[in-house]
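# Fold and contact review
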Amino acid sequence: MWVEFQAKMRPFRVFSVQDALKQFPSLNLMNLVRWQEKGYILKLRNRWYAFNDAESHENIEWLAANLIYSPSYVSLHTALSWYNLIPEMIATCTSVTSLKTNKFSTPLGSFDYHRIKPELFGFGYVLEDMDASARETGRQIMIATPQKAILDFFYINSYYNTEKDIEDLRLNESELVNFIDSEFYKNLGRYQSNALDQRIRKLIKLFGL
């Protein structure tokens, strides 16, 4: 049973009990418990699992972040680091969600979710294929565009109120200049936040953009 299960479910990389039951309608769920105890699979949170070699797959934690607390997409520090906008490597995977703010510690790492209003959630992200198996399973990573990641960051982290605060972020100016564009300002208008507008004006002034 394990060999057949592994062959069918491995392309999912991260899977739920529901995913497993779609492939194996008569699956005894106690098998998942036994396979977890044997170390074949990892339990990420209630009803969500990954295979024990999941860490060998690039960006597997981003896929897990999307799936185990949905709807959400990768943004904030993680996305800023990915786009080379901040110098730090980020240990915790950061996302935004229209659900309540939450965090989880899993065998794949820590996941932080920050709530934004539903009307600010449904734009400004792209879908990236996880790997070749994404075409088979429909598994894609949702990640903020650079423009949305910047805006999400300054919207949620309201304590960046001065030019000195923003300077301390050590933003990569050579990359930043590429993303302060028409899409950025279009997205900024959708936030309808005077406080965010003020922080962005300070950002623009600081870097002379």
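An account of the accompanying structure is given in this report. Quick caveat: nothing in here was measured; it's all calculated off a predicted structure.

## Brief notes about the packing of helix α10 (residues 182-191) against helix α11 (residues 194-207)
Running from N to C, α10 and α11 point in directions that differ by 150 degrees, and their axes come no closer than 10 Å. In terms of axis orientation, α10 runs roughly antiparallel to α11. Contacts between α10 and α11 involve F184, Y185, L188 and Y191 from the first element and L196, D197, I200 and I204 from the second. When its residues are assigned to classes, the contact of α10 with α11 shows 7 nonpolar, no polar and 1 charged.

## Focus on the sheet that holds strand β2 (residues 41-45)
Read from one edge to the other, the open sheet built from 3 strands follows the order β1-β3-β2, with strand pairing classed as antiparallel. With partners counted over all chains shown, the strands left at the sheet margins are β1 (14-16) and β2, one partner each. When strand polarity is set aside, the average angle formed by the axes of neighbouring strands in this sheet is 35 degrees. As defined by bridge partners, β2 adjoins strand β3 (residues 48-51) across 4 bridges and the pair is classed as antiparallel. Bridge pairing in β3 places R45 opposite W48. Where helix α3 (residues 30-37) meets the sheet, it contacts β1, β2 and β3, and its direction lies at approximately 110 degrees from that of β2. Against the sheet, helix α4 (residues 60-68) contacts β1, β2 and β3, and its axis sits at roughly 20 degrees relative to β1.

## Remarks on the packing of aromatic side chains
Here a ring pair, both rings aromatic, is described through the centre-centre distance and the interplanar angle of the planes. Scanning the model with the defined rule gives 24 aromatic pairs in all. Among the aromatic residues, those joined into a ring-pair cluster are W2, F5, F15, F24, W35, Y40, Y49 and F51. Lying across the ring of F51, R10 places its NZ or CZ 4.7 Å from the centre. If you follow R190 out to its NZ or CZ, it ends over the ring of F123, 3.8 Å from the centre.

## What to know about unusual backbone geometry
Looking along the chain, the bond that leaves S70 and enters P71 is cis, with omega of 10 degrees. Examined against the element boundaries, P71 turns out to sit in the loop between α4 and β4 (72-74). Located in the positive-phi region is R13, a residue other than glycine, with phi close to 65 degrees. Within the secondary structure layout, R13 lies in the loop between α1 (2-9) and β1. Take R13: its relative accessible area is 15%, and that puts it in the buried class.

## Description of the pattern of salt bridges
Taken as a whole and judged by the stated rule, the model has 3 salt bridges. The shortest N-O distance in the salt bridge between D152 and K148 comes to 2.9 Å. In this pair, D152 and K148 are both assigned in helix α7 (residues 146-156), 4 residues apart and thus about one turn of the helix distant. A relative accessible area of 0% places D152 in the buried class. K148 gets classed as buried once you look at its relative accessible area, which sits at 0%. Between D168 and K164 there is a salt bridge whose closest N-O contact spans 2.9 Å.

How each quantity is defined
- Residues numbered from 1 in each chain as written.
- Predicted model: local features only at pLDDT ≥ 70, side-chain atom pairs only at ≥ 80, totals over all residues.
- Heavy atoms only, no water.
- Axes fitted to C-alpha atoms, helices over the stretch in contact; angles between N-to-C directions.
- Helix = DSSP H or I, 4+ residues; strand = E, 2+ residues; numbered from the N terminus.
- Parallel < 35°, antiparallel > 145°, perpendicular 65-115°, else oblique.
- Contact = heavy atoms within 4.5 Å.
- Nonpolar A, V, L, I, M, F, W, Y, C, P; charged D, E, K, R; others polar.
- Pairing = 2+ DSSP bridges.
- Phe/Tyr/Trp six-rings, centres within 6.5 Å; stacked < 30°, edge-to-face > 60°.
- Lys NZ or Arg CZ within 6 Å of the ring centre and 35° of its normal.
- Buried < 20%, exposed > 50% of the residue type's maximum accessible area, 1.4 Å probe, protein only.
- Salt bridge = Lys/Arg side-chain N within 4 Å of Asp/Glu carboxyl O.

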